[in-house]
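This is what each chain is made of:
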Amino acid sequence: MPIKKYFSVLMALFLFFNISAASAYAEPVEEARELIKEYYVEELPEWVLAKPSIKEMVRYLDMYSVYMSAEEFADFTNAIEQQLVGIGVILEESEKGIRIMSIIPEGPAAAAGLRPGDILVKADGTSLAGESVQTAISLISGKENTSVTLTYINSETESLQTVTVPRKVIQLPNVEARMLGGNIGYIRLNSFAMNASKDITAAIQKLGPANGWIFDITNNGGGYVSAAQETAGFFPGVTKAFQLRYIGDEAQVYHAIRQPAGFTSPVHLLINENSASASEMVSASVKEQKGAVLYGQNTFGKGSMQSLFTLSDQSVLKLTTAKFFSPKGSPVHEIGVAPDIETAAGDELFISHRDQLISGLKGYRKFPMLKDVPVTKTFTVKMNAGMQWDSLKKGDVQLIELGGSETAVEVNITDEKTIKIVPQKPLDSKGKYLLVIHPNWTGKNDRKMNEGIYLEVTVQ
C-alpha cells in the first residue's frame, strides 16, 4: 500500500495518557505492519511483525510507540495544544475543602462568579472536606456540555453559596509572559504546540526591550518537532536546531528557523527533570551553540522522535521513526541535557533572576545576606559620613522580589547618616529579595558615593 496515502506529522513527545480497549471492528493490521517494518527506528525480528494485532506488535516496540483510536488521538492532540474539558480553575487543598488558587479568564468558573480564594466544599453533593486535589478534580471534571453543582464558601462574604457550572473545552495559555523586576523579560512555554513560535513572538513584542531574558521550559514534556525548530531560532547565535538519525540513513542536521523577534543577551534557559523530548532538542542546541545559560537540573533523556500515521479506519499509529541528537551529534536519549548552573528543584527562576540582576551591578559591593526577616521588615542603612539626602531620586533604592516584580519602598531620613527603607506592602512569606542601593547620592563634602551596594534577603 503506497505510503503517500498516510498523513504523517513529526513529533517529539513525552506525554502520559491512557489507551482504551481496541475498537470492535477489525484493525487495519497489514497497514500497520508495513509502516512498522519500513519506518520503525530499529530492526525488528520477524516474530514481532508476525503478531496478529496492531497492539500486540506495538507491545514489543519502545514505550513511545502507541496505537490510538480516533477518539484517543483527539485527546492526545488536545493535550499538546493545552486543551481540556473542565470549568477552568486551578485548585489547592484547604482545611475546609478545596481552595481556588486561580481561575482561567473567560472560563465557565469565571462566568459563574467564582473567584480566587473561594473554598469548594461540595461537588454534586459530595463533600470535599479533607479530600485531595486529585479527588476533587475527578468529581468536578466530566464530559463537555455537562455541568457540576458546587457548594462553596465565598471568600469575600464568607457565606455558603451554591452555583451550577457548565463543563466546557478550556484552552489553557500555552505561553505565560511578564516583566520581572529589573526589566528582565520572563517567558514560560508549557508545550511545543503548533502555534508556539507565534505566541512566543507576540510575548517578546508585548514585553518590549528588556535588560535580559529568562525562557522557562521546566515541566514541558514536548510537542511538535517543527515547533522546536522554530523555538531554537529565538536564541542569539543559534543557527542549527538538531540532528536526526533515521534507520539506515546518515545523520541529517536541521537548521533553526529565525523568528521575527528574538531574545537579546543575556538569556537564561530554565530546565528540569521533566523537560523532555522537544524541550531537550532546544536545550541541547542552545547549550551547544551558547545561545543561553542553562539553569536547573538534568533533563529527562528522551531522545527519540515519533511520526503519526493515520490508518484507513481513522485510527492512528504513533511510531518512533528517528533518534535525535544535538547539532554536533551529542546524544540525548537516556542521558538528557545537563544545565550549566545546577539549582535545587524549584529554585531555577529565583537563581536565574538573581544572577541576571547582579550581572548588571558591576562595581557594586555585596553585603552579607539577611536571612529570615519578618514580612514587616524595615531596612536601616547607615553611612560612614553625612549625606545630602535631598539628592535622593526615585529608583535609587530598589527592592526586587526574585522571580517577581519590584516592591515599592518609602525612604525615610533618620539623620544625616541614616535612612530607613520601608516596603509599602508586607513582604511575601518565604520570599527572596534583592535590595539594591545605587551610587547616586552625594555626601556633605559634595563627593559622590564611590560604589553601590546590594544584598540578598530571605523572608520568614
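What counts and how
- Residues numbered from 1 in each chain as written.
- Predicted model: local features only at pLDDT ≥ 70, side-chain atom pairs only at ≥ 80, totals over all residues.
- Heavy atoms only, no water.
- Buried < 20%, exposed > 50% of the residue type's maximum accessible area, 1.4 Å probe, protein only.
- Helix = DSSP H or I, 4+ residues; strand = E, 2+ residues; numbered from the N terminus.
- Pairing = 2+ DSSP bridges.
- Axes fitted to C-alpha atoms, helices over the stretch in contact; angles between N-to-C directions.
- Lys, Arg positive; Asp, Glu negative; His and termini not counted.
- Salt bridge = Lys/Arg side-chain N within 4 Å of Asp/Glu carboxyl O.
- Contact = heavy atoms within 4.5 Å.
- Parallel < 35°, antiparallel > 145°, perpendicular 65-115°, else oblique.
- Left-handed = near helix turned anticlockwise from the far one by under 90°.
- Nonpolar A, V, L, I, M, F, W, Y, C, P; charged D, E, K, R; others polar.
- Core = buried A, V, L, I, M, F, W, Y, C linked by side-chain atoms within 4.5 Å.
- Arc of directions from axis to C-beta.
- Phe/Tyr/Trp six-rings, centres within 6.5 Å; stacked < 30°, edge-to-face > 60°.
- Lys NZ or Arg CZ within 6 Å of the ring centre and 35° of its normal.

### So, the pairing of strand S19 (residues 304-310)
Two faces belong to every sheet, and in a regular strand the side chains alternate between them. Among the seven residues in S19, six count as buried, and that is most of the element. Judged from the seven bridges that link them, S19 and strand S20 (residues 316-325) form a sheet pairing that is antiparallel. Each residue of the ladder has a partner; that of Ser304, found in S20, is Lys323. Counting the residues that bridge the hairpin from S19 to S20 gives five residues, and of these Gln314 lies at a positive phi of roughly 75°.

### Side note on the sheet that holds strand S29 (residues 418-423)
Pairing between sheet strands relies on hydrogen bonds along the backbone, with the strands arranged either parallel or antiparallel. Pairing in this open sheet of three strands is antiparallel, and the strands run S24-S29-S28 from one edge to the other. Whereas interior strands pair on both sides, the edge strands pair on one side only; in this sheet they are strand S24 (379-382) and strand S28 (409-415). On average, each strand axis in the sheet is inclined to that of its neighbour by 25°, with strand direction left out of account. By the bridge criterion, four bridges tie S24 to S29 in an arrangement that is antiparallel. Bridging from a neighbouring strand, Val381 pairs with Ile419 of S29.

### Some thoughts on the side chain of Glu401
Its location among the elements puts Glu401 in strand S26 (residues 397-401). Lacking a salt bridge, the buried Glu401 has Lys425 as its closest oppositely charged neighbour, with an N-O distance of 5.8 Å.

### Some thoughts on unusual backbone geometry
Between Ser265 and the following residue, Pro266, the backbone shows a cis peptide bond with an omega angle of 0°. Take Pro266: it is sitting in the loop between strand S16 (252-255) and strand S17 (267-271). Here Glu334, not a glycine, exhibits a phi torsion of approximately 60°, which is positive. Here Glu334 is to be found in the loop between S20 and strand S21 (341-342). Of the residues examined, Glu334 reaches a relative accessible area of 69% and is grouped as exposed. Despite not being glycine, Asp372 has its phi angle at roughly 55°, a positive value. Mapping Asp372 onto the fold places it in strand S23 (residues 370-373).

### Some remarks on the environment of Gln356
Looking at the secondary structure, you find Gln356 in helix H10 (residues 348-359). Once the C-alpha coordinates of Gln356 and Lys432 are considered, the two residues, 76 residues apart in sequence, prove to be 15 Å apart. In contact with Gln356, other than residues within four places in its own chain, are Ile184, Gly212, Trp213, Ile214, Pro266, Val267 and His268.

### Details of the packing of helix H8 (residues 225-232) against helix H9 (residues 278-288)
Running from N to C, H8 and H9 point in directions that differ by 25°, and their axes come no closer than 9 Å. With respect to H9, the element H8 is oriented roughly parallel. H9 is crossed by H8, and the crossing has right-handed handedness. Note on element contacts: H9 touches H8 through Ala278, Met281, Val282 and Ser285, opposite Val225, Ala228, Thr231 and Ala232. Its residues placed into classes, the contact of H8 with H9 shows six nonpolar, two polar and no charged.

### Description of H9
When you tally the buried positions in H9, you get ten out of eleven residues, the bulk of the element. What H9 keeps buried is the set Ala278, Ser279, Glu280, Met281, Val282, Ser283, Ala284, Ser285, Val286 and Glu288. Positive phi shows up at Lys290, right after H9, with a value of about 55°.

### Some thoughts on the side chain of Thr201
Locating Thr201 in the fold gives a position in helix H7 (residues 196-207). When neighbours within four sequence positions are excluded, Thr201 is seen to be in contact with Phe234, Gln259, Pro260 and Ala261.

### Brief notes about the sheet that holds S17
Across the sheet, six strands lie side by side as S11-S12-S13-S17-S18-S21; this open sheet has mixed pairing. The outermost strands of the open sheet, each flanked by one partner alone, are strand S11 (175-180) and S21. Bridge analysis of strand S13 (residues 212-216) against S17 gives four bridges, and the strand direction is parallel. Bridge assignment links Trp213 to a residue of S17, and that residue is Val267. Across the sheet, H10 lies against S11, strand S12 (184-189), S13, S17, strand S18 (293-296) and S21, angled at about 170° from S17, the strand it touches most.

### A word on the nonpolar core
Counting residues in each nonpolar core, the largest one holds 49 residues, and the members touching the most others are Ile187, Phe215, Phe235, Phe263 and Leu269. If sequence neighbours within four positions are ignored, Leu269 has contacts with Phe215, Ile217, Phe235, Ser283, Val286, Ala292, Val293, Leu294 and Tyr295.

### A word on helix H4 (residues 70-80)
Considered for burial, the residues of H4 that qualify are Glu72, Phe73, Phe76, Thr77 and Ile80. One side of H4 carries all its buried residues, which in axial view fall inside an arc of 135°. Pointing more than 90 degrees away from the buried face of H4 are the exposed residues Glu71 and Asp75. Backbone geometry just downstream of H4 places Gln82 in the positive-phi region, at approximately 65°.

### Considerations on the packing of aromatic side chains
What characterises a pair of aromatic rings is the spacing of the ring centres plus the angle enclosed by the ring planes. Following the criterion strictly, the structure yields ten aromatic pairs and no others. Seen from their ring centres, Phe215 and Phe235 are 5.8 Å apart, and the 75° between their planes marks the pair as edge-to-face. Here Phe235 lies in the loop between H8 and strand S15 (240-246) and Phe215 lies in strand S13, a separation of 20 residues in the sequence. We note that Phe215, like Phe235, is buried. Feature note: the residues Trp213, Phe215, Phe234, Phe235 and Phe263 constitute an aromatic cluster, connected by ring pairs. The ring of Phe325 has Arg245 sitting right over it, with the charged end atom 3.7 Å from the ring centre. Looking at Lys302, its charged tip hangs above the ring of Tyr64, at a distance of 4.6 Å from the centre.

These figures capture arrangement, not role.
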